[in-house]
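# Fold and contact review
Each chain, letter by letter, is given below.
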Amino acid sequence: MQSLRRAKISAIGRYVPPKVVTNHDLAKIVETTHEWIVERTGIEERHVVEPGTPTSELAARAATELLKARGIEADEIELIIVVTVTPDMFFPATACLVQHKIQAKHAWGFDLSAACSGFLYGLTVGAQFIASGAHKKVMVIGADVMSSILNPEDRATLVLFGDAAGAILLEPAEEGEDGIIDFFHEVDGSGGESLYMPGGGSLNPSSHETVDQKMHYVHQRGQSVFKYAVRKMEELGRNMLERNSITGDDIQTFIAHQANVRIIDATADKLGLDPNKVVKNIHKYGNTTAGTIPLAICDAIEQGRLKKGDLVLFTAVGAGFTAGSVLARWAF
Ligand SMILES: CC(C)(COP(=O)(O)OP(=O)(O)OC[C@H]1O[C@@H](n2cnc3c(N)ncnc32)[C@H](O)[C@@H]1OP(=O)(O)O)[C@@H](O)C(=O)NCCC(=O)NCCS
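Residues numbered from 1 in each chain as written. Predicted model: local features only at pLDDT ≥ 70, side-chain atom pairs only at ≥ 80, totals over all residues. Heavy atoms only, no water.

### Looking at the overall build of the chain
A count of helices and strands for the chain gives 11 helices and 14 strands. For 332 residues, the compact-globule estimate of 2.2 N^0.38 gives 20 Å, and the C-alpha radius of gyration of the chain, at 19 Å, lies within 12% of that figure. Going through the 332 residues of the chain one by one, you find that 54% of them count as buried. For the chain, contacts bridging at least 24 residues in sequence account for 78% of all contacts bridging at least 6. About 14200 Å² of surface is accessible on the chain, with carbon and sulfur atoms providing 52% of the total. (Helix = DSSP H or I, 4+ residues; strand = E, 2+ residues; numbered from the N terminus. Rg over C-alpha atoms; globule rule 2.2 N^0.38 Å. Buried < 20%, exposed > 50% of the residue type's maximum accessible area, 1.4 Å probe, protein only. Contact = heavy atoms within 4.5 Å. Areas by Shrake-Rupley, 256 points an atom, 1.4 Å probe, with all protein chains shown as cover.)

Here's what the structure looks like:
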């Protein structure tokens, strides 16, 4: 990445709604078992909001935790990027709602939509505003209320997702700090119908018919998503190692989007990464879409598995298809 000045992640915050839904709870709603879900996905439970709680609320809470952690005021933030596929509304952008909620009086902002790759895309976009010298404090928030778009009768999607938000602050790296080192992202739009929400947009505006046909819910071809994810996470991870002339041995921490424990394990194995370097928290949160990577960063820090100076490899795959990888030297 050709940067004028590198960005670094300087603080993090998260918000997870308190309500827990276990696999046993879901087995009372759809035909499934705790054992099937754990074996096929690694998920044991997930957190969900009380109905009617919007994404901006989760995002604002994660942002507030971040500000506290960094010891700064909201009006020091210059740009807010909210990454989400479950905005409060089509417009205004959720970033505007968050800006108002946290009183970030000097920030502009916008939403970014790239599903489960969104957090890495947002991180990359935010880093460019630091690299160009345009801004010194950029907040990237990954937030989704997936429970608002899940079909309660579709066991293959209902069990996968949870609600959460995570926020990072991007600031200029100090002299001699590496910060965000490299990124490599891809889109393959031919995979669009493998994972999508067909209703409510300009193609199928909301109507009684779109609701009757359950077009306002997530639709997914699970196996094609699974196969693409395993292939792409490895390919982009390997690409990142090779173009930076490093191997899996040089990586201290591997943080992948948490979609399915089998996808994470297969990727880590193919990249030759020691299992101890692999951060996994999908068992307690499920797939929180834009929230998974910041949530995993928080857990890794708390567990002492991500420390200043560590080389971190991030990978993600999501609807679109979208895919991405980021290499960073951890800075705090
Ligand atoms: C969804 C997923 C867990 C399904 O697992 P799978 O092993 O691929 O299962 P299949 O889709 O082949 O389905 C196998 C059977 O399990 C059933 N099944 C699906 N969900 C089930 C559930 N929650 N409980 C019990 N059985 C279930 C299917 O109906 C199917 O039954 P059938 O053989 O009678 O038709 C898996 O494909 C997956 O994780 N895909 C990726 C999804 C993802 O990560 N999406 C987000 C990307 S960012």
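### Overview of the pattern of salt bridges
The final tally for this structure, using the stated rule, is 19 salt bridges. A salt bridge links lysine 214 to glutamate 153, with the nearest nitrogen and oxygen atoms 3.9 Å apart. On the criterion of sequence distance, the pair formed by lysine 214 in the loop between α7 (208–212) and β10 (219–220) and glutamate 153 in the loop between β6 (138–145) and α6 (155–158) is long-range, its members being 61 residues apart. A relative accessible area of 59% means that glutamate 153 is categorised as exposed. A salt bridge links aspartate 178 to arginine 329; the shortest N-O distance between them is 3.2 Å. Remark: arginine 329 occurs in strand β14 (residues 322–329) and aspartate 178 occurs in the loop between β7 (163–172) and β8 (180–187); sequence separation between them is 151 residues. (Salt bridge = Lys/Arg side-chain N within 4 Å of Asp/Glu carboxyl O.)

### So, the environment of glutamate 39
Structurally, glutamate 39 is set in helix α2 (residues 34–41). Taking C-alpha positions, glutamate 39 is 8.9 Å from arginine 262, a pair spaced 223 residues apart along the chain.

### Examining the domain arrangement of the chain
Domain annotation for the chain reports domain 1 (7–172) and domain 2 (180–329). Each partner contributes residues to the interface: domain 1 has 48 residues there, and domain 2 has 46 residues. When the two sides are added together, the surface that domain 1 and domain 2 hide from each other amounts to roughly 3700 Å², 65% of it contributed by carbon and sulfur. There are 3 salt bridges connecting domain 1 and domain 2. (Domains from an automatic or database assignment. Buried area = accessible area lost by both parts, 1.4 Å probe.)

### With respect to the site of the ligand
Residues in close proximity to the ligand total 22 residues, the closest being Thr32, Arg40, Gln220, Gln223 and Asn260. One of the side-chain nitrogen or oxygen atoms of arginine 40 is found 2.7 Å away from an oxygen atom of the ligand. One nitrogen or oxygen atom from the main chain of glycine 222 is found 3.0 Å from a nitrogen atom belonging to the ligand. A total of 950 Å² of accessible area belongs to the ligand in isolation, and the protein chains cover 73% of it. (Near = heavy atom within 4 Å. Polar contact = N/O pair within 3.5 Å; in protein donor to acceptor, adjacent residues only side chain to side chain.)

### Examining the sheet that holds strand β4 (residues 79–83)
Pairing in this open sheet of 5 strands is mixed, and the strands run β1-β7-β6-β4-β5 from one edge to the other. Looking along the sheet, the strands with just one partner apiece sit at the ends: β1 (7–15) and β5 (108–112). With strand direction ignored, the average angle separating the axes of adjacent strands in the sheet is 20°. Two strands pair when backbone bridges link them, and β6 and β7 are joined in this way by 8 bridges, in the antiparallel orientation. Paired with glycine 142 across the strands is glycine 166, a residue of β7. Strand contacts of helix α3 (residues 55–70): β1, β6 and β7, with the helix running at about 125° to β1, the strand carrying the most contacts. Contacts from helix α5 (residues 118–131) reach β1, β4, β5, β6 and β7, with the element oriented near 20° to β7. (Pairing = 2+ DSSP bridges. Axes fitted to C-alpha atoms, helices over the stretch in contact; angles between N-to-C directions.)

### Describing the packing of aromatic side chains
According to the stated counting rule, one finds 4 aromatic pairs in the structure shown. Here the aromatic rings of tyrosine 228 and phenylalanine 321 are separated by 3.9 Å at their centres, their planes lie at 10°, and the arrangement is stacked. Note that tyrosine 228 is positioned in helix α8 (residues 222–243) and phenylalanine 321 in the loop between β13 (311–318) and β14, a separation of 93 residues in sequence. Among the residues examined, phenylalanine 321 registers a relative accessible area of 6% and is labelled buried. Seen from their ring centres, tryptophan 330 and phenylalanine 332 are 5.2 Å apart, and the 40° between their planes marks the pair as tilted. Given the relative accessible area of 2%, tryptophan 330 is considered buried. Judged by its relative accessible area of 36%, phenylalanine 332 falls in the partly exposed class. A network of ring pairs unites the aromatic residues Trp108, Phe110 and Phe129 as a single cluster. (Phe/Tyr/Trp six-rings, centres within 6.5 Å; stacked < 30°, edge-to-face > 60°.)

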